[in-house]
Amino acid sequence: MHRKLRLRNREDFSRIYRGGKSFANGQFVVYWSKQPSAEPFRLGVSASKKIGNAVVRNRMRRMIKEIVRHQANRIVPRTDFILIVRKPATLMKMKDMEKSVLHVLKKAGLLKSTSSSKEKQAD
């Protein structure tokens, strides 16, 4: 994932936590807010020490960034969002984790409507 697509500083995280909306499922929590300067979007990943040691936390961050990178064309533009990893996610395989991330993003309304992708498949 490109550096410009990542949330890195504390002020951005704090702004999203304070003023953003949140949605959750069993494995992930997503906080998000609209940000006109975010083109196309920016992602922050938070994995606390509760989920495991540094190896586990960094592995989770890498996997989530890769999932979001593959789904980048489906994510609503001009949005900042933070994905928080919960402990059950550490036991998941990549495919199941992708389904869970997409589920929480869809629940939050951060995925574009699928009608355009269905039209492309029909061509």
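Everything quoted here is computed from the prediction, not taken from an experiment. (Residues numbered from 1 in each chain as written. Predicted model: local features only at pLDDT ≥ 70, side-chain atom pairs only at ≥ 80, totals over all residues. Heavy atoms only, no water.)

Along helix α1 (residues 10–19), the residues classified as buried are Asp12, Phe13 and Ile16. Down the axis of α1, the smallest arc covering the buried residues is 100°, so these residues share one side. Exposed residues on α1 whose side chains face more than 90 degrees from its buried face are Arg10, Glu11, Arg18 and Gly19. Buried residues along α1 sit in contact with β2 (28–34), β3 (41–46) and β4 (79–85). (Buried < 20%, exposed > 50% of the residue type's maximum accessible area, 1.4 Å probe, protein only. Helix = DSSP H or I, 4+ residues; strand = E, 2+ residues; numbered from the N terminus. Arc of directions from axis to C-beta. Contact = heavy atoms within 4.5 Å.)

This brings us to the sheet that holds β3. Strand-to-strand pairing in sheets goes through backbone hydrogen bonds, with the strands running parallel or antiparallel. Spatial strand order, β1-β2-β4-β3: four strands in an open sheet with mixed pairing. Each having just a single partner strand, β1 (21–24) and β3 make up the two edges of the open sheet. Direction aside, neighbouring strands of the sheet carry axes that sit 20° apart on average. For β1 and β2, the ladder comprises four bridges, and the chain directions are antiparallel. Bridge pairing in β2 places lysine 21 opposite tryptophan 32. Where α1 meets the sheet, its contacts fall on β1, β2, β3 and β4, and the angle it forms with β4 comes to roughly 85°. Its contacts with the sheet place helix α2 (residues 54–70) against β2, β3 and β4, and it is angled at close to 155° to β3. (Pairing = 2+ DSSP bridges. Axes fitted to C-alpha atoms, helices over the stretch in contact; angles between N-to-C directions.)

What follows deals with the environment of arginine 86. By the secondary structure assignment, arginine 86 is in the loop between β4 and α3 (94–107). The spacing of arginine 86 and glutamine 27 is 59 residues in sequence and 5.0 Å in space, taken between C-alpha atoms. With residues up to four places along the chain from it excluded, the contact list for arginine 86 reads Ala24, Asn25, Gly26, Gln27, Phe28, Val29 and Ile51.

Detailed conclusions should not be drawn from predicted coordinates in areas where pLDDT is low. Put simply, the protein chain has an average pLDDT of 89, and 92% of its residues get 70 or more. This model gives residues 116–123 a pLDDT under 50, and the stretch forms zero contacts once residues within four places in sequence are excluded. (pLDDT = per-residue confidence, 0-100.)

Bringing the side chain of arginine 42 into the picture now. With respect to the helices and strands, arginine 42 occurs in strand β3. Given a relative accessible area of 17%, arginine 42 falls into the buried group. Within the structure, arginine 42 has its side chain in polar contact with the side chain of aspartate 80 (distance 2.7 Å). With residues near it in sequence (within four places) discarded, arginine 42 still touches Lys4, Leu5, Arg6, Leu7, Asp12, Arg15, Gln35, Thr79, Asp80 and Phe81. (Polar contact = N/O pair within 3.5 Å; in protein donor to acceptor, adjacent residues only side chain to side chain.)

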